[in-house]
Amino acid sequence: MMDNMIANQLSTENEQKILERNQRITKRQKITNRIADEGSLLGSTSDISHILLHELSIFVNKLSQANSLAEMRASTESLKNVIGAIEGKVASGEVELPYQIKGQTAALDEALTRAHGVSNLLK
């Protein structure tokens, strides 16, 4: 009787995991078919990373040389011109970012878990 209960519980847990995995696969297939293939998504991610890296470098270098509040504000101009409008688009609902749908904590946890796993493989 107890063995049967454990088997049913494990079976239910496994079925749930399979359902969740299949839902994730289905969503990823829709993204690939309707939005962009993996190469395009990776290219966009790379482009955005490089833009942010470059703009952050400009900001940090200008900020590190600022001697006044006015110069500190001026150091933000390039970064603000490049990405400043995103805040308004997100706030108005014109744009939704995937992490907002997943939840910020879940997205960060997922990214950190993946990063940690990759780091362990690199050791």
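Data block above holds the structure.
A few points on the structure. (Residues numbered from 1 in each chain as written. Predicted model: local features only at pLDDT ≥ 70, side-chain atom pairs only at ≥ 80, totals over all residues. Heavy atoms only, no water.)

1. Examining the overall build of the protein chain
Put simply, the rule reads: Per the convention used, a helix needs a DSSP run of H or I reaching at least four residues, while a strand needs a run of E reaching at least two, with both numbered from the N terminus. For the radius of gyration, the atoms used are the C-alpha atoms, and the globule rule reads 2.2 Å times the number of residues raised to 0.38. For the exposure calls, accessible area comes from a 1.4 Å probe over protein chains only, and a residue counts as buried if that area is under 20% of its type's maximum, exposed if over 50%, partly exposed in between. Areas reported here follow the Shrake-Rupley algorithm with a probe of radius 1.4 Å; residue values treat only the protein chains shown as occluding. Positive: Lys, Arg. Negative: Asp, Glu. His and the chain ends are not part of the count. Charge positions are represented by NZ for Lys, CZ for Arg, CG for Asp and CD for Glu.
Looking only at helices and strands, the protein chain has 6 helices and 0 strands in total. Rg of the C-alpha trace for the protein chain: 22 Å, well past the compact-globule value of 14 Å for 123 residues, more than 25% over. In terms of principal-axis extent, the alpha carbons of the protein chain reach across some 75 × 35 × 30 Å. Counting across all 123 residues of the protein chain, residues that qualify as buried make up 7%. Per element, the accessible surface of the protein chain, about 10,700 Å² overall, is 58% carbon and sulfur. On the protein chain, the mean spot of the 14 positive side-chain charges and the mean spot of the 15 negative ones are 1 Å from each other.

2. Brief notes about the pattern of salt bridges
As a reminder of what qualifies: Any carboxyl oxygen of Asp or Glu within 4 Å of a side-chain nitrogen of Lys or Arg constitutes a salt bridge here.
Applying the stated criterion to the full structure yields 2 salt bridges. For K102, the salt bridge goes to E110, with nearest N and O atoms at 2.8 Å. For E110, a relative accessible area of 33% corresponds to the partly exposed category. R114 is the salt-bridge partner of E110, the closest N and O atoms lying 3.8 Å from each other. Here the residue E110 and the residue R114 both occupy positions in helix α6 (residues 104-122), the gap between them amounting to 4 residues, near one helical turn.

3. Some thoughts on the side chain of E55
The test is simple: Counting of polar contacts relies on pairs of N or O atoms within 3.5 Å, with two restrictions inside protein: one atom must be capable of donating a hydrogen and the other of accepting it, and residues adjacent in sequence are counted only when both atoms are side-chain atoms. The contact rule is simple, with two residues in contact once any of their heavy atoms fall within 4.5 Å.
Counting through the fold element by element, E55 comes out in helix α2 (residues 38-65). For the buried E55, which has no salt bridge, the nearest side chain bearing the opposite charge is K62, at an N-O separation of 7.4 Å. Side-chain polar atoms of E55 contact the side chain of S78, separated by 2.4 Å. Excluding residues that lie within four positions of it along the chain, E55 makes contacts with S78, L79 and V82.

4. Regarding a nonpolar patch on the surface
Let me state the cut-off plainly: Each patch is built from residues lacking any salt bridge and having more than 30% relative accessible area; the joining distance is 9 Å for like charges and 5 Å for nonpolar side chains (Val, Leu, Ile, Met, Phe, Trp, Tyr).
On the surface, a nonpolar cluster with roughly 470 Å² of combined accessible area is contributed by I48, I51, L52, V82, I83 and I86. Mapped by element, the contributors of at least two residues to the nonpolar patch are α2 and α4 (77-92). The residue I86 is located in helix α4 in this model. What makes I86 partly exposed here is its relative accessible area of 45%.

Note that all results are geometric; they support no functional claim without further evidence.
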